[in-house]
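Topology and contacts: notes
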Amino acid sequence: MLPRVRSETGQAAVELVALLPLVAVLCLALWQIAILGYAEWAAGGAARAAARAEAVGENPLPAARRALPGALEAGLRVQARPGGGVRLRVGVPLVLGAGRLLSLERAAALPSQRR
């Protein structure tokens, strides 16, 4: 007696369902990397804006807030450095959840324009 050949109908669907969690995690990881890169770029721009404000004698915190998107404003810290310039710290938001992945720190300095 010959063994019965089992039907492979639906095999592709089962394999797809098995791979969907892996694809979802990969997409979330790539999106988190994109958010991290954007936060790096935005933090540098905000540090330069805060340094410009500090150089002309204004408060650097509002200048940094205006330069950042809303998602990065939470946890923003701006500190004036001795001798001019500022140090800025922003938190990188998580793709899932309300927490922070890590904090980025940027510094910028411009010559004083105060009179």
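Structure report, in brief. All values derive from a computational prediction rather than experimental measurement.

Analysis parameters
Residues numbered from 1 in each chain as written. Predicted model: local features only at pLDDT ≥ 70, side-chain atom pairs only at ≥ 80, totals over all residues. Heavy atoms only, no water. Pairing = 2+ DSSP bridges. Helix = DSSP H or I, 4+ residues; strand = E, 2+ residues; numbered from the N terminus. Axes fitted to C-alpha atoms, helices over the stretch in contact; angles between N-to-C directions. Contact = heavy atoms within 4.5 Å. Buried < 20%, exposed > 50% of the residue type's maximum accessible area, 1.4 Å probe, protein only.

**Description of the sheet that holds strand E1 (residues 77-80)**
- Reading across from one edge, E1-E2-E3 is the order of the 3 strands in this open sheet, with antiparallel pairing throughout. Single-partner strands in this sheet number two, and they are E1 and strand E3 (100-108). Going from strand to strand, the sheet's axes swing by 15 degrees on average, the running direction of each strand aside.
- Inspection of the sheet shows E1 paired to strand E2 (residues 86-93) by 4 bridges, in the antiparallel sense. Opposite Arg77, over in E2, you have Arg89 as the bridge partner.
- Together, E1, E2 and E3 form the strand contacts of helix H1 (residues 11-55), whose direction differs from that of E2 by roughly 155 degrees.

**Digging into the pairing of E2**
- With 6 of 8 residues buried, E2 is to be regarded as a mostly interior element.
- Note that E2 and E3 share 8 bridges and pair antiparallel. Note that in E3 the partner of Val92 across the bridge is Leu102.
- Between E2 and E3, which follow one another and run antiparallel, lie 6 residues, and Gly97 among them has a positive phi close to 100 degrees.

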